[in-house]
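# An overview of the molecular structure
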Amino acid sequence: MTQAMTLSERADALEEHMMHELEHIVTKSVLFNLADGYVGTESGPALMAKNPGKTMLMGADPRLPQMPEKPTLVDYFRCRFASTAHLLQSATHALKAGHNEKVITACLLHDIAVVSFIRCDHGYWGAQMIEPYVDEEVSWAVRAHQALRFFPDESVGYAYPEMYVRYFGPDYRPEPYIVAEYERARNHRHYMTARLITVNDIYSFDPNAKVNLDDFVDIIGRNFRQPKEGLGLDSSPSAHMWRTMLWPTRFL
Ligand SMILES: [Fe+2]
Ligand SMILES: [Fe+2]
């Protein structure tokens, strides 16, 4: 019987088993199910019926690394980001090239959405997440890099990434909203900050490069306004996004 189960059936069974081991009912948002090709979410009554005697999880998910009571951006780097090497390598590249701290910060945070939240439109999500806490130049650049990375700029030696040809195929063309965003960004006063993200974006990941978050803690301290309540526990317009990373499986 067990042998007849497919890999995904076994993963589902394991997940089901793990859910029962937990004290509270962990819920998957629709978005998590969409990523599995399924439009839906389990209703409250259905979850209660499947888990007699339990209540819904309304806080930290015990399966995830525990976050401090007042989390900082560095805590998210350490406990919630799936990987940090790409961000640290890009920021290191910008640092070594002698760019200013706004550019370095923008490079350090440019793909923050990819590593912590969602890939689709990651420049927009990432910019929104950091907007209340950084200089407008930094968040603008993070947003604009979404579009700029598809367009060359010979003045700084940026060509369309070879990797994108492999990833998306030679015939891929960005959607009209990306083209329009690029056209607008080209004449913006912060254009070069966003362009420098793409220049310092390390597409070819070097597994031997030595990078360390500790090298950037001071730059983060000077360029990211850490809320005293804890990042996500404050009342900024994007605090809820950080809270969602803090407690991704809360029922409500
Ligand atoms: Fe990116
Ligand atoms: Fe990147």
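Position numbers for residues count from 1 along each chain, tracking the sequence in the order it is written. Lettering of chains starts at A and numbering of ligands starts at 1, both following the order in which they are written. Note on the predicted model: pLDDT of at least 70 is required for a residue's local features to be given, and 80 or more for side-chain atom pairs to be given and counted; whole-chain, interface and lining totals, by contrast, use all residues. In computing side-chain properties, one takes all heavy atoms of the structure into account and sets aside hydrogens as well as water.

## Observations regarding the coordination of the iron ion (ligand 2)
Our working rule: Coordination shells were defined by N, O and S atoms within 2.8 Å of each metal, extended to 3.2 Å for Na, K and Ca; water is absent from the atom set, which can make sites look incomplete. For the purposes of this entry, the term helix denotes a DSSP run of H or I that reaches at least four residues, the term strand denotes a run of E that reaches at least two, and both are numbered from the N terminus.
Looking at the iron ion (ligand 2), the protein donor atoms are His86 (NE2), His110 (NE2), Asp111 (OD), Asp201 (OD) and Asp201 (OD), and they sit 2.1 to 2.7 Å from it. For the iron ion (ligand 2), the donor residues sit on a single chain with the sequence spacing H-x23-H-D-x89-D. Here the iron ion (ligand 2) and the iron ion (ligand 1) are spaced 3.7 Å apart, and both take aspartate 111 as a donor. With a gap of 115 residues between them, histidine 86 in helix α5 (residues 85-96) and aspartate 201 in the loop between α12 (191-200) and α13 (217-223) connect regions that are remote in the sequence.

## With respect to a nonpolar patch on the surface
Applied cut-off: Each patch is built from residues that are more than 30% exposed by relative accessible area and take part in no salt bridge. Like charges join if they lie within 9 Å; nonpolar side chains (Val, Leu, Ile, Met, Phe, Trp, Tyr) join within 5 Å. Under the convention used here, a 1.4 Å probe and the Shrake-Rupley method define accessible areas, while residue burial counts only the protein chains that appear. Criterion for a salt bridge: a side-chain nitrogen of Lys or Arg within 4 Å of a carboxyl oxygen of Asp or Glu.
A grouping of Val30, Leu31, Phe32, Leu34 and Val39 is seen on the molecular surface, where their side chains present a nonpolar patch of about 450 Å² in accessible area. Mapped onto the secondary structure, valine 30 falls in helix α2 (residues 30-34).

## As for the packing of helix α9 (residues 136-148) against α12
This is how it is decided: Working convention: axes come from line fits to C-alpha atoms, limited for helices to the stretch in contact. Angles between N-to-C directions cover 0 to 180 degrees. To sort the angles, those under 35 degrees are grouped as roughly parallel, those over 145 as roughly antiparallel, those from 65 to 115 as roughly perpendicular, and the leftovers as oblique. Note on convention: near helix rotated counterclockwise from far helix by under a right angle means a left-handed crossing. Clockwise means right-handed. We call two residues in contact whenever any of their non-hydrogen atoms come within 4.5 Å of each other. In this classification, Asp, Glu, Lys and Arg are treated as charged, Ala, Val, Leu, Ile, Met, Phe, Trp, Tyr, Cys and Pro as nonpolar, and every other residue, Gly included, as polar.
Axis separation between α9 and α12 bottoms out at 8 Å; the angle between their running directions is 60°. If you check the angle between α9 and α12, you find them oblique. Crossing of α9 against α12: the hand is right-handed. Contacts between α9 and α12 involve Glu137, Trp140, Ala141, Val142, Ala144, His145 and Leu148 on the former and, on the latter, Tyr191, Thr193, Ala194, Arg195, Ile197 and Thr198. Of the residues belonging to the contact of α9 with α12, the class tally is 8 nonpolar, 3 polar and 2 charged.

## Some details on α9
As a reminder, the rule being used: What a helix should span is 1.5 Å times the count of its residues minus one. Exposure categories follow from relative accessible area, calculated using a 1.4 Å probe and restricted to protein chains: below 20% of the type maximum is buried, above 50% is exposed, and the middle band is partly exposed.
Along its 13 residues, α9 runs 18 Å from first to last C-alpha, staying within 8% of the 18 Å computed at 1.5 Å per residue. With 11 of its 13 residues buried, α9 lies for the most part within the structure. Every buried residue of α9 is listed here: Glu137, Val138, Ser139, Trp140, Ala141, Val142, Ala144, His145, Gln146, Ala147 and Leu148. Along its buried surface, α9 packs onto α6 (101-109), α8 (122-130), α11 (176-186) and α12.

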